[in-house]
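If you want the building blocks of each chain, they are given just below.
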Amino acid sequence: SMHGMARIATETGDKAYIEEIRGELMPYVRGERTYNCNFPNYFCGGNASAWMLYKGLLPEVKETAVKYCEQIRNEAPRDPDGILCHPKMPSQNAIWIDVAFAVSPFLLFTGLTVGNDEYVEDAINQTVKMIRQFYFEKTGLIFQCKNFRWPGHMSEDHWSRSNGWGALALCELAVHLPDSHPRKQEVTELYLRHMMACLKYQDENGMWHQEMTQIRTSYVETSGTSLLLYALGAGIHAGIVPESELPHFEKGLKGMLAYISTDTDIYHTCCGCLCPGQGTKLEYAAHPTMANDFHAFGPVVLAMGQAHFMGIENI
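Residues numbered from 1 in each chain as written. Predicted model: local features only at pLDDT ≥ 70, side-chain atom pairs only at ≥ 80, totals over all residues. Heavy atoms only, no water.

**Quick look at the overall build of the protein chain**
Link 1 in the chain: Within the protein chain, the regular secondary structure consists of 12 helices and six strands.
Link 2 in the chain: Its C-alpha radius of gyration of 18 Å places the protein chain within 12% of the 20 Å reference for a compact globule of 315 residues.
Link 3 in the chain: The dimensions of the protein chain, computed from C-alpha atoms along their principal axes, are 50 × 50 × 40 Å.
Link 4 in the chain: Out of the 315 residues belonging to the protein chain, those deemed buried represent 56%.
Link 5 in the chain: Look at the contacts in the protein chain between residues 6 or more apart in sequence, and 66% of them connect residues 24 or more apart.
Link 6 in the chain: For the protein chain, the computed accessible surface area is about 13000 Å², with 51% contributed by carbon and sulfur atoms. (Helix = DSSP H or I, 4+ residues; strand = E, 2+ residues; numbered from the N terminus. Rg over C-alpha atoms; globule rule 2.2 N^0.38 Å. Buried < 20%, exposed > 50% of the residue type's maximum accessible area, 1.4 Å probe, protein only. Contact = heavy atoms within 4.5 Å. Areas by Shrake-Rupley, 256 points an atom, 1.4 Å probe, with all protein chains shown as cover.)

**Observations regarding helix 7 (residues 160-176)**
Link 1 in the chain: Here helix 7 contains 17 residues, and its C-alpha end-to-end distance of 24 Å stays within 8% of the 24 Å for a straight helix at 1.5 Å per residue.
Link 2 in the chain: Burial analysis of helix 7 places 16 of its 17 residues in the buried class, the great majority of the element. (Expected span 1.5 Å × (residues − 1).)

**So, the packing of helix 5 (residues 98-114) against helix 7**
Describing two packed helices takes the angle between their axes plus the distance from one axis to the other.
Link 1 in the chain: Across the interface, helix 5 lies against helix 7 with an axial gap of 7 Å and an inter-helix angle of 15°. In terms of their interaxial angle, helix 5 and helix 7 are classed as roughly parallel. Read as a crossing pair, helix 5 and helix 7 show a hand that is left-handed. Here Asp-98, Ala-100, Phe-101, Pro-105, Leu-108, Phe-109 and Leu-112 of helix 5 come into contact with helix 7, specifically with Trp-165, Leu-168, Ala-169, Glu-172, Leu-173 and His-176.
Link 2 in the chain: Considering only residue class, the contact of helix 5 with helix 7 consists of 10 nonpolar, one polar and two charged. (Axes fitted to C-alpha atoms, helices over the stretch in contact; angles between N-to-C directions. Parallel < 35°, antiparallel > 145°, perpendicular 65-115°, else oblique. Left-handed = near helix turned anticlockwise from the far one by under 90°. Nonpolar A, V, L, I, M, F, W, Y, C, P; charged D, E, K, R; others polar.)

**Re unusual backbone geometry**
Link 1 in the chain: Even without being a glycine, His-268 presents a positive backbone phi close to 60°.
Link 2 in the chain: Along the chain, His-268 turns up in the loop between helix 10 (246-256) and strand 5 (269-270).
Link 3 in the chain: Looking at His-268, the relative accessible area reads 30%, which means it is partly exposed.
Link 4 in the chain: The backbone of Asn-292 shows a phi angle near 60°, a positive value even though the residue is not glycine.
Link 5 in the chain: Its place among the elements puts Asn-292 in the loop between strand 6 (289-290) and helix 12 (297-309).
Link 6 in the chain: With a relative accessible area of 30%, Asn-292 lands in the partly exposed category.

**Observations concerning the packing of aromatic side chains**
Link 1 in the chain: In total, this model carries nine aromatic pairs according to the counting rule given.
Link 2 in the chain: Ring centres 5.1 Å apart and planes at 75° place the aromatic pair Trp-51 and Phe-109 in the edge-to-face group. Of this pair, Trp-51 sits in helix 3 (residues 46-54) while Phe-109 sits in helix 5, placing them 58 residues apart in sequence. Note on accessibility: Trp-51 and Phe-109 belong to one class, buried.
Link 3 in the chain: Taking the centre distance of 6.0 Å and the plane angle of 80° together, the rings of Trp-96 and Phe-148 count as edge-to-face. Note that Trp-96 is positioned in strand 1 (residues 95-96) and Phe-148 in the loop between strand 4 (145-146) and helix 7, a separation of 52 residues in sequence. The residues Trp-96 and Phe-148 share a single accessibility class, namely buried.
Link 4 in the chain: One aromatic cluster is present, formed by Phe-39, Trp-96 and Phe-148 through successive ring pairs.
Link 5 in the chain: Sitting above the plane of the Trp-51 ring, Arg-7 keeps its charged end 5.2 Å from the centroid.
Link 6 in the chain: Between Arg-193 and the ring centre of Tyr-135, over which it is positioned, the NZ or CZ distance is 3.6 Å. (Phe/Tyr/Trp six-rings, centres within 6.5 Å; stacked < 30°, edge-to-face > 60°. Lys NZ or Arg CZ within 6 Å of the ring centre and 35° of its normal.)

This is the structure we're talking about:
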């Protein structure tokens, strides 16, 4: 949510919004507010603080952001391939795509700001290595996680929110890496491959479902839909995704309105979900939804904010 709010503040240039998000983030920067998290960058406000630093609007976080980048690089547990793994399961090498969202943008924006190529390279590696690990050629989509149940076990899902996390991380890399960066083309190609695969599973109302490949038997899921819409819209806006895909973005925005009430309750968001049961498609599809789940709001802010930046005011 703070990441989405920070983007709205910086991209509109609204001074009141800038001061509001600074007011939200500074208690984290000063260490007055904390957050229960798997990686230390959340302690200083996570991606939102790194984005504001990148935009020159939160210089106060620079030293702390660098400190947490160093902790992630040097202290966080990793699997043999260098992928960050679950800090409570380091011996299992348990990896999950959610980390691409949680860590890669923070490393990217901090690295670009302070001129540290190692942070940027780690941001790329975390996302690219996970996407390649979880990629399923038959569908073009990704699975959520590996090694959470037993060694070598891969979840069997095509969960919309995990595909959304991957899309967001790839999008931030594809959009914000400098054109001169030697891995720009690599991440851009992965991003486009992923987005084009996801579009095959968008339903007639512009939505994606809890189990993306089961459009008729799995419920509409709003957090995954919003993350995918954000990544799609940002790619179109940056000129990476063809303008011809804009109707998919607009259709998704319209579809989302059926799940947001006039007093901003958000429905059909999957509850926290990490390899339920044995990680089968059926178990993911059966995982419950909750109105106003804490995963609901940030993706919607990101997607609708992106629509605003593109001049879309009415749907």
